[in-house]
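An overview of the molecular structure
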Amino acid sequence: MRGGAITPELLLQAYANGLFPMAEAHDDPTLYWVSPEKRGIFPLDAFHVPKRLARTIKSDKFRVTSDVCFERVMDECAAPRLGREETWINGEILRLYTALHDAGYAHSIETWLGEDLVGGLYGVHLRGAFFGESMFSTATDASKVALVHLVARLKLGGFTLLDTQFLTAHLASLSAIEIPREDYLSRLDAALKVAAYWPASSGNSGMASSAPLLGETGATADASGGLAGAAVMHLIAQTS
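In this report, we go over the structure that sits alongside the text. (Residues numbered from 1 in each chain as written. Predicted model: local features only at pLDDT ≥ 70, side-chain atom pairs only at ≥ 80, totals over all residues. Heavy atoms only, no water.)

**Re the overall build of the chain**
Our working definition: Numbering of helices and strands runs from the N terminus, with a helix taken as a DSSP run of H or I at least four residues long and a strand as a DSSP run of E at least two residues long. Only protein chains enter the area calculation, which uses a 1.4 Å probe; residues under 20% of their type maximum are buried, those over 50% are exposed, and those in between are partly exposed. Here, residues are in contact when the closest pair of their heavy atoms is within 4.5 Å. The method behind every accessible area is Shrake-Rupley, applied with a 1.4 Å probe, and residues are considered shielded solely by the protein chains displayed.
Counting its regular elements, the chain contains eight helices and nine strands. Looking at the chain residue by residue over its 240 residues, the buried ones come to 52%. Summarising the internal contacts of the chain: among those between residues at least 6 apart in sequence, 72% fall at separations of at least 24. Summed over all atoms, the accessible surface of the chain reaches about 10700 Å², with 54% contributed by carbon and sulfur.

**Considering the sheet that holds strand β5 (residues 106-113)**
Under the convention used in this document: Think of it this way: DSSP has to see at least two bridges between two strands before they count as a pair. The convention used is that axes are lines fitted to C-alpha atoms, helices contributing only their stretch in contact, and that angles between N-to-C directions extend from 0 to 180 degrees.
Judged by pairing direction, the sheet is mixed, and its seven strands sit side by side in the order β4-β5-β6-β7-β8-β3-β9 without closing on themselves. A single partner strand is all that each edge strand has here, and the edge strands are β4 (63-66) and β9 (177-180). Across this sheet, the average inter-strand angle for adjacent strands is 35°, counted without regard to direction. As defined by bridge partners, β5 adjoins strand β6 (residues 116-126) across eight bridges and the pair is classed as antiparallel.

**Notes on the side chain of E110**
Worth spelling out the cut-off: Any N or O atom pair separated by 3.5 Å or less is treated as a polar contact, with the protein-specific requirement of one donor-capable and one acceptor-capable atom, and with residues adjacent in sequence counted only for side-chain atom pairs.
Relative to the elements of secondary structure, E110 occurs in strand β5. A polar contact is formed between the side chain of E110 and the backbone nitrogen of C69, at a distance of 3.2 Å. Polar contacts involving the side chain of E110 include one to the side chain of S108, which spans 2.6 Å. The residues contacting E110, other than those within four sequence positions of it, are R63, V64, T65, S66, D67, V68, C69, F70, V73, L117, G119 and G120.

**Quick look at the packing of aromatic side chains**
Put simply, the rule reads: The criterion for an aromatic pair is that two Phe, Tyr or Trp rings (for Trp, the six-membered ring) have centres within 6.5 Å, with stacked assigned to planes under 30 degrees apart, edge-to-face to planes over 60 apart and tilted to the rest.
Scanning the entire structure with this criterion turns up six aromatic pairs. Aromatic side chains Y97 and Y122 sit 5.9 Å apart centroid to centroid with 75° between the ring planes, which places their arrangement in the edge-to-face category. Remark: Y122 occurs in strand β6 and Y97 occurs in helix α4 (residues 91-102); sequence separation between them is 25 residues. With a centroid separation of 5.6 Å and 15° between ring planes, the pair formed by F130 and W198 is classed as stacked.

**Brief notes about the packing of helix α1 (residues 8-16) against α4**
Where we set the bar: Angle categories are assigned with fixed cut-offs, so that under 35 degrees is roughly parallel, over 145 is roughly antiparallel, 65 to 115 is roughly perpendicular, and the rest are oblique.
It is the contact of α1 with α4, at a shortest axis distance of 9 Å, that shows an interaxial angle of 85°. It follows that α1 is roughly perpendicular to α4 by the angle criterion. Side by side, α1 and α4 meet where P8, L11, L12 and Y15 of the first sit next to L96, Y97, A99 and L100 of the second.

**What about the pattern of salt bridges?**
Formally: Basic side-chain nitrogens of Lys or Arg form a salt bridge, by our definition, when they fall within 4 Å of a carboxyl oxygen of Asp or Glu.
Taken as a whole and assessed by the stated rule, the structure comprises six salt bridges. Here R95 makes a salt bridge to E92, at a shortest N to O gap of 2.5 Å. Highlighted residues: R95 and E92, both in helix α4, separated by three residues, approximately one helical turn.

**A look at the nonpolar core**
As a reminder of what qualifies: Nine residue types can take part in a nonpolar core, namely buried Ala, Val, Leu, Ile, Met, Phe, Trp, Tyr and Cys, and a core is a set of them joined through side-chain atoms within 4.5 Å.
Formed by 42 residues in total, the largest nonpolar core has its most connected members in I89, Y97 and Y122. Apart from the residues within four sequence positions on either side, Y97 is in contact with L11, Y15, P21, F70, M74, A106, Y122, V124 and E133. Within the second largest apolar cluster, 37 residues are counted, among which are L53, I57, F130 and L171.

**What to know about the environment of Y97**
According to the relative accessible area criterion, Y97 is buried, its value standing at 0%. Reaching out from Y97, the side chain makes a polar contact with the side chain of Y15 at a distance of 2.6 Å.

**Regarding the side chain of T111**
With respect to the helices and strands, T111 occurs in strand β5. Look at T111 and you get buried, because its relative accessible area is 0%. A polar atom in the side chain of T111 sits 3.3 Å from the backbone oxygen of A142. Excluding anything up to four places from it in sequence, T111 contacts F62, R63, V64, D116, L117, V118, G119, G120, A142, V145 and A146.

Structure (structure tokens):
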């Protein structure tokens, strides 16, 4: 269903009710609400990292940060690429999610090779649920590494739901599954009762963090505040 002017507050209410907005095209200013009959999610306690990808993560080949350049990550996710000439991220989506980021509800994970941003993702955090929105990659495994780091941060922060909206073959290869809308809404309701936190960002998004020091959980951070690859894989291996 289509809606009129959307505010960041209305957007959060929509997420809490299982809805998210999309645009038909990058240059279409209109947004419409989506609530799929089948919803993609990552079961956080059954997240699988292929061996080759695990080696890449442990090698710390990529430098991984959070909330360092949220708007740039969104711009990269919106940019046309080979095999994907059109995207659903329009100017209104950019405005709304930037406002959510400024308010502490939207976050990004960035992957770097040296000083080059080569991958990343962004999404919305609402209590114990994280709603993944989009990801991009210009280097092999860059977006996959960002996703694994995201899962580690969510496990560290006590999240119970990672929503992927739709299931793709790429996400399924990393253990994403598809569940009926009714099951999703039940899991969402439970997640919204969880007082999870987003671990302290390495960027400066202007928000206060209630996260404990990473050291209190046994995880270690590098100089930029990002989790080291070995710590990430240790968190992934943990179950609730």
